[in-house]
2 protein chains.
Amino acid sequence: MPGQPHVMSCIGIPGIPIIQQGDNLADIISQAIREAGETLRNHDVVVVAQKIVSKAEGRLVHLQNVHPSPRAVALAHQAAKDPRLVELILRESNEILRVRPGLIIVEHRLGFVCANAGIDHSNVLGDEDHVLLLPEDPDHSAQALRRAWMKDFGLNHLAVIINDSHGRAWRLGTVGVAIGLAGMHPLTDRRGDPDLMGRTLQATVIGTADEIAAAASAVMGQADEAIPVVIVRGARYEPGEGRLRDLLRPKALDLFR
Amino acid sequence: MPGQPHVMSCIGIPGIPIIQQGDNLADIISQAIREAGETLRNHDVVVVAQKIVSKAEGRLVHLQNVHPSPRAVALAHQAAKDPRLVELILRESNEILRVRPGLIIVEHRLGFVCANAGIDHSNVLGDEDHVLLLPEDPDHSAQALRRAWMKDFGLNHLAVIINDSHGRAWRLGTVGVAIGLAGMHPLTDRRGDPDLMGRTLQATVIGTADEIAAAASAVMGQADEAIPVVIVRGARYEPGEGRLRDLLRPKALDLFR
C-alpha cells in the first residue's frame, strides 16, 4: 500500500500595498491573507521579505543626510561606489572581508556575511537617493509578527522567517536565506539518528530555515510582481526558540575569511 | 479585487524502493508517481536526489578496491580520514581548497566547490566500506530522465534537477542545491527589468534552480523517510537548455579561494 505524497505548499499572498514607515505590518498582512481567501494554521511558517519589514520600521535613509568619513571615501574609491552608501555599509558592518569594483563583502553587524551590508538600492522610492537598511533586529521583528498573528488567528504554534536574497561565494545567482526567525529551530540536527540502513548518520545538520527561506523566495519572484509574504505549509521543522545566530558558522570554524 | 494566491507545491513521492545499479530509474519513479495518485504536468520541475541517480549509475565503490597514492596518504593524515576515501576525493576533484580534520573542501571535477567531493558515506549499503560517488555527468542524467518522462507522460515541457545537500562557507547546516539540470535556465536574469517603481534593477540575478533544489530538499528530509523525488509545481523559471555550469561562478570572479 503506497503512502500519500508529502506536500509542502508555498502560498504567495498578493495584494500587499506599498509599505510605509509606521505601518502596522502584522495587520496589513493579516488582511491581505484573508482577502486572498487564505488563513494561517498551526505549524505554518510565514516568510516575510526583509524589504517590507525594513520599510515599516523606518530603515529608509536619504543619502543627502549621510556624511562619509575619510575611511568611507577611500573605500568608495576602491569599490567604485557612492561614498555616502559606503559610509552606511561601514556603519552596518562588523568587518570588511573583500572589495572589488561594485562589490563590498562584509560581516554584517547581525553576524552573517553578505554583499554591501544588505543595503537595498532598488524598489525603494523610485529615486536614486534613498536606500534601505536591514531591520534593526530581525529576530525581534519576526517574534513580534509571530505573536500578533498567533493572537489574530488563534494559533498555538506558528513560525516566522524574515528572508533576504544573498549571493554565494562560488555559485551565481542569489538565493533566499533567513536573516531573522521566531518559533523554530533553524537547524535540524540528524547526527546520531539511524539512517535508512540502520547506520548512524555522521554529519547531517540541515539548514531548514534557509531551505524554507529559499522556497519562499522562489515564489516571491522579484520586481514584476509584489509577493513579499509567503505562507509555507507542510514543512518539516523543529518548533522552538531559535535565533538567527544558530544559523551562523562561528568565526573559529570559518575556513574562508 | 484582490488576486489569487500564487502557489508553488512541492510534492514528495513516497514508495520509491532502494535503488540498485542498472535499475531503470525513470520507470521506477514514473511508477511511484502513479501509485501515489500523482502525475507529471507541463512545466513541472522534477527534483531527484543525487543519491538514487548515483546508485542507478553504479557509482558505488568498495574501499577495499581503492589503493591510495602517497599524496592521498599524506592528505588523509592531515584530514583525519581514511586514505582510500581521500584517494577517491582526489580523483573526483580538480583542486583542493581547504583542509581541516574531518573536512576537505574541493573544487569538484564538475566545477562546484563542495566538501569531500560530495562522496556520500551514509545510506549506502549498511556497511562502512562502501561509498557513493556523484553521478558521472548529472546534466546528462537529468536530460535522460527528462526525455523519458516527457514521452511517458506525454508532455511538451518538463524540467529536471538533480540535487544534493551542500554546506556553506559562513552558515551552518546544509541546503539543497542543483548539481545537474535539464529543460530550464538555472538563473533568472532580471537585470534591466524595471522594478516596482519603474527604476531599472541593477544586480538581480536569481539562482532559481538552487532555490527550487532547496525547496525540494526541505521535503526530502533526510534519513527517517525515503523521499528522494519531489515534483515542484507552480515554480517560476525560464525554460531552456541550461547547464550546471551556468550556475557556477567563474574562477576569475571568485574572491574566496
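See the structure shown above.
The present account deals with the structure reproduced in this document. Note that the structure is a prediction, hence the values are computed from the model and not measured.

What counts as what
Residues numbered from 1 in each chain as written. Chains lettered and ligands numbered in written order. Predicted model: local features only at pLDDT ≥ 70, side-chain atom pairs only at ≥ 80, totals over all residues. Helix = DSSP H or I, 4+ residues; strand = E, 2+ residues; numbered from the N terminus. Buried ≥ 20, exposed ≤ 12 C-beta atoms within 10 Å, placed from the backbone. Contact = placed C-beta atoms within 7 Å. Pairing = 2+ DSSP bridges. Axes fitted to C-alpha atoms, helices over the stretch in contact; angles between N-to-C directions. Parallel < 35°, antiparallel > 145°, perpendicular 65-115°, else oblique. Left-handed = near helix turned anticlockwise from the far one by under 90°. Nonpolar A, V, L, I, M, F, W, Y, C, P; charged D, E, K, R; others polar.

Scanning chain A for helices and strands turns up six helices and 14 strands. Each of the 257 residues in chain A was classed as buried or not, and the buried ones make up 50%. Restricting to contacts in chain A with at least 6 residues of sequence separation, those with at least 24 account for 61%.

Residue and element names in this part refer to chain B. With antiparallel pairing, the three strands of this open sheet are ordered in space as β4-β5-β6. In this open sheet, the two strands that pair with only one neighbour each are β4 (93-100) and β6 (113-115). In this sheet, neighbouring strand axes are inclined to one another by 25° on average, regardless of whether the strands run parallel or antiparallel. As judged from the three bridges shared by strand β5 (residues 103-108) and β6, these two strands associate in the antiparallel manner. Note on β6: the bridge partner recorded for Val 106 is Cys 114.

Along the chain, the position of A:Glu95 falls in strand β4 (residues 93-100). The spatial distance from the C-alpha of A:Glu95 to the C-alpha of A:Ala115 is 12 Å, given a sequence separation of 20 residues.

So, on to the packing of helix α1 (residues 25-35) of chain A against helix α5 (residues 138-153) of chain A. Residues and elements named next belong to chain A. Relative orientation of the contacting elements α1 and α5 amounts to 45°, with a least axis distance of 9 Å. Classified by the interaxial angle, the pair formed by α1 and α5 is oblique. By crossing handedness, the relation of α1 to α5 is classed as right-handed. Only Leu 145, Ala 148, Trp 149 and Asp 152 of α5 make contact with α1, whose side of the interface consists of Leu 25, Ala 26 and Ser 30. Class assignment for the residues of the contact of α1 with α5 results in five nonpolar, one polar and one charged.

Time to look at helix α4 (residues 83-91) of chain A. Residues spaced three or four apart along an α-helix point in a common direction, a consequence of the helix completing one turn every 3.6 residues. Residue and element names in this part refer to chain A. Extensive coverage of α4 is indicated by the burial of seven of its nine residues. Among the residues of α4, those classed as buried are Pro 83, Arg 84, Leu 85, Val 86, Glu 87, Leu 88 and Ile 89. As for α4, its buried residues are in contact with β3 (60-62), α3 (70-79), β4, β5 (103-108) and β7 (130-132).

Within a regular strand, the side chains alternate between the two sheet faces. Residues and elements named next belong to chain A. For strand β2 (residues 45-49), the buried fraction is high: five of the five residues fall into the buried class. Neither face of β2 is exposed, since Val 45, Val 47 and Ala 49 on one face and Val 46 and Val 48 on the opposite face are all buried. As judged from the five bridges shared by β2 and strand β8 (residues 159-166), these two strands associate in the parallel manner. For Val 46, the partnering residue across the bridge sits in β8 and is Val 160. Where β2 lies against strand β13 (residues 229-233), four bridges are found, and the strand directions are antiparallel. Within β13, the residue paired with Val 45 across the bridge is Val 232.

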